[in-house]
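# Fold and contact review
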Amino acid sequence: MFSKRLLLSAAPVLVAACGSEDLAGSERPDQHASAVAAAVSLLPTSDVALSQIWGGGGTAPIYALVDDGTSFAASDGGSTFARSAPGAATASLTLGYSGAPAGGASQVVVNYQAWAINSGAGTVRVALYDGDTLIGTGPARALSASQQNLSDTFSGLSATNGANGDRLRTELVFQNTAGQGSLVASVVWIDVAPADDGTPTGGEPVVSDKLVPRDGAWWGAYTPAGSAGWNWKLAMERFEEKVGRKVDIVYRYHDWGTTDNGVFPDVHETAQMNEGRILHLSWETRRYSAGQDVTWTAIANGSQDAVIDAAAQRAKSAPGKLMISFDHEMDNTAVHGSDGPDADYVAAYRRIIDRFRAAGVTNVVWVWTPMGWSGTRSRLPGLYPGDSYIDWLGYDPYNFYVCNGGGWKDPATTFASHYDWMHEPAQMAWHGAKPYILSEFSSHEDPADPNRKGAWMRGVVDALKRFPDIKAVQVFNSNATLKSPCNLVVDSSSQSVAGFAAAGSDPYVNQPHD
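Residues numbered from 1 in each chain as written. Predicted model: local features only at pLDDT ≥ 70, side-chain atom pairs only at ≥ 80, totals over all residues. Heavy atoms only, no water.

Turning next to the environment of Arg-351. Structurally, the position occupied by Arg-351 is in helix 6 (residues 342–358). With near-sequence residues (within four places) excluded, Arg-351 lies in contact with Ile-299, Ala-300, Gly-302 and Asp-305. (Helix = DSSP H or I, 4+ residues; strand = E, 2+ residues; numbered from the N terminus. Contact = heavy atoms within 4.5 Å.)

Another aspect to go through is helix 2 (residues 267–274). Of all the residues in helix 2, the buried ones are His-268, Glu-269, Gln-272 and Met-273. Relative to the axis of helix 2, the buried residues are bounded by an arc of 135 degrees and lie together on one face. Exposed residues pointing more than 90 degrees away from the buried face of helix 2 are listed as Val-267 and Asn-274. Buried positions along helix 2 lie against helix 1 (232–243), strand 12 (249–254), strand 13 (278–283) and strand 16 (322–326). With a side-chain oxygen lying 3.0 Å from the backbone nitrogen of His-268, the N-terminal cap of helix 2 falls on Asp-266. The positive-phi residue at the C-terminal boundary of helix 2 is Gly-276, with phi of around 100 degrees. (Buried < 20%, exposed > 50% of the residue type's maximum accessible area, 1.4 Å probe, protein only. Arc of directions from axis to C-beta. Polar contact = N/O pair within 3.5 Å; in protein donor to acceptor, adjacent residues only side chain to side chain.)

This paragraph deals with the nonpolar core. Core analysis: the biggest nonpolar cluster contains 69 residues, and Trp-283, Phe-356, Trp-368 and Phe-415 have the highest contact counts within it. For this core, the element with the highest residue contribution is helix 6, accounting for six residues. The next biggest cluster of nonpolar side chains, apart from the first, holds 27 residues, and it includes Ala-116, Val-126, Ile-135 and Leu-172. (Core = buried A, V, L, I, M, F, W, Y, C linked by side-chain atoms within 4.5 Å.)

A few words now on the packing of aromatic side chains. Two numbers describe a pair of aromatic rings. These are the distance of the centres and the angle of the planes. Here the structure, examined in full by the defined rule, presents 31 aromatic pairs. With a centroid separation of 6.0 Å and an interplanar angle of 75 degrees, the aromatic rings of Tyr-349 and Trp-366 are classed as edge-to-face. Linking Tyr-349 in helix 6 with Trp-366 in strand 17 (residues 364–368), this pair joins segments that are 17 residues apart in sequence. The pair Tyr-349 / Trp-366 is uniform in exposure class, with both members buried. If you follow Arg-357 out to its NZ or CZ, it ends over the ring of Tyr-389, 5.2 Å from the centre. Above the ring of Tyr-401, the side-chain terminus of Arg-452 is found at 5.8 Å from the ring centroid. (Phe/Tyr/Trp six-rings, centres within 6.5 Å; stacked < 30°, edge-to-face > 60°. Lys NZ or Arg CZ within 6 Å of the ring centre and 35° of its normal.)

Let us look at the state of the cysteines. Under the definition given, this model contains one disulfide. Here Cys-403 engages in a disulfide with Cys-486; their sulfurs sit 2.3 Å apart. Taking the torsion about the S-S bond as the criterion, the Cys-403 to Cys-486 disulfide, at about 85 degrees, is right-handed. In this pair, Cys-403 sits in the loop between strand 19 (398–399) and helix 8 (411–422) while Cys-486 sits in the loop between strand 21 (470–476) and helix 12 (494–504), placing the two residues 83 residues apart along the sequence. Of the residues examined, Cys-403 reaches a relative accessible area of 11% and is grouped as buried. (Disulfide = S-S within 2.5 Å.)

With that settled, consider the packing of helix 4 (residues 305–316) against helix 6. Running from amino to carboxyl end, helix 4 crosses helix 6 at an angle of 50 degrees, the nearest separation of the two axes being 9 Å. Accordingly, the angle class assigned to the pair helix 4 and helix 6 is oblique. Of the two possible hands of crossing, helix 4 and helix 6 adopt the one that is right-handed. Residues Asp-305, Ile-308, Asp-309, Ala-311, Ala-312 and Ala-315 of helix 4 touch helix 6, and the partners they reach there are Arg-351, Ile-352, Arg-355 and Phe-356. Classifying every residue of the contact of helix 4 with helix 6 gives six nonpolar, no polar and four charged. (Axes fitted to C-alpha atoms, helices over the stretch in contact; angles between N-to-C directions. Parallel < 35°, antiparallel > 145°, perpendicular 65-115°, else oblique. Left-handed = near helix turned anticlockwise from the far one by under 90°. Nonpolar A, V, L, I, M, F, W, Y, C, P; charged D, E, K, R; others polar.)

Moving on, we come to the confidence of the model for the protein chain. Reading fine detail from the predicted coordinates is not recommended where pLDDT is low. When pLDDT is averaged across the protein chain, the result is 80; 80% of the residues are at 70 or more. Scored below 50 in pLDDT, residues 1–79 makes 190 contacts in the model with residues more than four places away or belonging to other chains. (pLDDT = per-residue confidence, 0-100.)

Residue position: His-328 is located in the loop between strand 16 and helix 5 (333–336). Among the residues examined, His-328 registers a relative accessible area of 9% and is labelled buried. Polar contacts involving the side chain of His-328 include one to the side chain of Ser-282, which spans 3.4 Å. Contact partners of His-328, with chain neighbours within four places excluded, come to Tyr-251, Tyr-253, Ser-282, Glu-284, His-336, Thr-369, Asp-396 and Glu-440.

Here it is as structure tokens:
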């Protein structure tokens, strides 16, 4: 794949004999003579018995060192694979390596094996660090009793954000959902392409046909246009000037009709698409000007086909690909409680997509966006149209804080709950692996700390790096919510604007569109 490649060999292929509770803990170093890299000493940041496994350090060869129910107070002997403590819900193992290119890496490929023993079940994921800085996280991999050969690719790295010299770190992160048994994983080898390699990453396009960026995430926004005379293009340009960059995605809401706000893409959106922005719209079952609702049942039974067909022809003529969500937050009963049963939402969404496809529309990417609130999660399997209909999964995480009586949540905590739940094996059983979009996100101000929201905004991208399947985010630059008073606009304070602008300058959310 690469013209230059550094192999950091960590362990040989593990054999089936490692499936017992006595997991190779007594293997001798000379059994691993093929290991060629020395580990760099690491000290744990905490010492939590039964839940954290700490490894790394020692000299070559790196060989088997298995958790025995205790944690390591300091770096102790080399390690390449780990077994979580029996029954432990979470565990992790961090490893350091020497010999990575001093100038940084353009790509790191971590090849590893993983499985479950003694009726354990759950997931493992790999995180990549440059020293203490997290630069990427692989997808959660569901584990079974069968040994799997896995590989995670971290590409688009550079000398400024790529692992370099003796700073390369990998972390194996376990989530055991069974309450028993253990999860096992082993880093087998690592391929490192130097930053000056200059070769493409396997021919993978920068943007997929479903508008998924290869590296990092899109940076988007919704902003109202009332103060701009309902010139939506001007409103977004004013927002962009304030935050110091052009957004990747323009988010809009359109109602269910064939005139006025029901027409999409409108003249402003068409101009924005021509300027290189991605259009993402939420198509709502409302007629705003008339104050009328349209039910899912009416759409599902075919009585609204004329509206669908007119929209399909307009979308087909759009100057590029666009993203469409049908009734985002469909699980919000305060808005959609009288729209019909959940099965009719599924039937309505499928009917829309089927008619778009029948009309020859190929430039629409379909998004499914529930609230992401734990109180409605039990409904979500019954609201999902199916993998053959949906391209992206969305949700709307907010740090509402006191505006809804909750406590302060940092960005990682705000984003994690629904993301982690959707990645559980039981949920993956009803939906497939998809890219995620935060269709709306923002934070309330802390009246007691004027700097707190700015720090929250500044931390958004660092949080995103912990959730690699989130490939796009859209800040909700409006206070118009069902919860009041919520101060969610980006310019609620100068500190908030500065924090959002700083986050938006991160290379992780500055991806090429070509």
